[in-house]
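For reference, the chains in residue letters:
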Amino acid sequence: MNTALIAAAGSGTRMKSETPKVLLPLLGRPALFYCLQAFDASRSIGQITLVCPRGMTAVFREAAGQLGLAKPLTFAEGGDTRTQSVLNGLRASRKAEGLVFVHDAARPMITPGVIDDMAAFALARGSAVAGAPARNTIKQADASGRITASPDRNSLFEVYTPQVFDFHALLAAYEKAANEGYVPTDDAAVMARAGFDSHIYELPWQDIKLTTPEDMTKLEAVLAQRQGTRLRCGTGFDTHRLTEGRPLILGGIEIPFEKGLLGHSDADVLTHAVMDALLGACNLGDIGRWFPDTDPKYKGVRSVLLLHEVGQKVKEAGYGIVNIDTTVICERPKIAPVAARMSAAIAEALGIPAESVSVKGTTTEGMNAEGRGEAISVQAVASVARAF
Ligand code: MG
């Protein structure tokens, strides 16, 4: 199977941080998560190997564990040089056949679509080295700064990662490089030394590598823009009957009222509609699929606990919650005086700011079941953003 080998063993000294740079947050998530999720989501990749800084495998294992990746993830320990680190990763990739994508963990802009396209390119051409035409004029100079060559810019490319090769050819080339003490800065150079041609695959962007604190700002701007175009919405609707002899639980709080809602759980109709909106936004089905009301486990359960679980599912699916808006439809009780408390309770269950959750009320002017005081209904809309 095709393998993604993610090199995270760099020391990151230019970041001036104790934490490995790829574990620093970009938009609130470790930088490493972006490329891991991209490779996990690509249909061209069967397994992922993560090369960790020496002595930090446990830290990286814990961090990556939060992602709940679908594909097998193997950990390897970095060596003294980039050559040794990549070689360790290749050797640890036991089920590797076909292509290997060597990728720098400090490059979070990669997407599943580009990975799949690079796989097709590499199958056709034998290799794929991510790059973009050089934008600046580049000179070669000697140690004194005297310019010794002015290569034609039209023939120059910046190269990035992924760099994609036949797995066994790259492994053999790295074995040779390690034996000869050859330590270049990319994989195409290792392949060239072993006698193989490599081909540039033009990325649709100038890539940014997380190297300095300024790069974090640039990358966050790019990733935020992408998230903005990767918004998804979901809707939820629920109705429960009002009945005597039950407490009224709405939006995770108890509201003093002469009736309560009837249902298998606490019948929190507002929380139910929010859950369905979130699940819908992520295309994860509905609450009946995850919490069937035929399961005695959910009898009388507090719905906000289930909402918390839904929040986890959203996160595991790779989404962040942007906002939730709801309309509670009933004649009584009055919603406005308790709306802020309900927003806060829903937000707390999801671990998002209260400002991201709006709760409003409306009546049906005495008409329908809601208007006659027989039921409360809720409409909800949720938006989520994919992280890559
Ligand atoms: Mg319900």
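Up top is the structure these notes are about.
All of the points below concern the structure found in this document.

Rules and cut-offs
- Residues numbered from 1 in each chain as written.
- Predicted model: local features only at pLDDT ≥ 70, side-chain atom pairs only at ≥ 80, totals over all residues.
- Heavy atoms only, no water.
- Pairing = 2+ DSSP bridges.
- Helix = DSSP H or I, 4+ residues; strand = E, 2+ residues; numbered from the N terminus.
- Right-handed = clockwise from strand over helix to strand, strands pointing away.
- Axes fitted to C-alpha atoms, helices over the stretch in contact; angles between N-to-C directions.
- Donors = N, O, S within 2.8 Å, 3.2 Å for Na, K, Ca; no water.
- Buried < 20%, exposed > 50% of the residue type's maximum accessible area, 1.4 Å probe, protein only.
- Phe/Tyr/Trp six-rings, centres within 6.5 Å; stacked < 30°, edge-to-face > 60°.

## Observations concerning the pairing of strand β17 (residues 357-362)
With six bridges connecting them, strand β16 (residues 319-329) and β17 associate as parallel partners. Its bridge partner being in β17, Thr 327 is matched across the sheet by Lys 360. Once you follow β16 into helix α11 (residues 336-350) and on to β17, the crossover reads as right-handed.

## Concerning the sheet that holds β17
The mixed open sheet is built from five strands, whose spatial order is β15-β12-β18-β16-β17. Among the strands making up the open sheet, the edge pair consists of β15 (259-261) and β17. With strand direction ignored, the average angle separating the axes of adjacent strands in the sheet is 25°. Here strand β12 (residues 231-244) pairs with β15 via three bridges, running antiparallel.

## Some remarks on the coordination of the magnesium ion
Surrounding the magnesium ion are the protein donor atoms Asp 238 (OD), His 240 (NE2) and His 272 (ND1), at 2.0 to 2.2 Å. Considered as a linear motif, the donors of the magnesium ion on their single chain read D-x1-H-x31-H. Linking His 240 in strand β12 with His 272 in helix α8 (residues 269-281), this pair joins segments that are 32 residues apart in sequence. There is no split in this pair, since His 240 and His 272 are both buried.

## Things to note about the packing of aromatic side chains
Going through the model one piece at a time under the given rule, you end up with three aromatic pairs. For the ring pair Phe 121 and Tyr 201, a centre distance of 5.4 Å and an interplane angle of 85° mean the geometry is edge-to-face. Taken together, the positions of Phe 121 in helix α4 (residues 112-125) and Tyr 201 in strand β11 (residues 200-202) put the pair 80 residues apart, joining distant regions of the chain. Accessibility assignment for this pair places Phe 121 and Tyr 201 in one class, buried. Relative to Tyr 298, the ring of Phe 291 has its centre 5.5 Å away and its plane inclined at 80°; by these criteria the two rings are edge-to-face. The class for Phe 291 is buried, based on a relative accessible area of 7%. Assessed through its relative accessible area of 10%, Tyr 298 is described here as buried.

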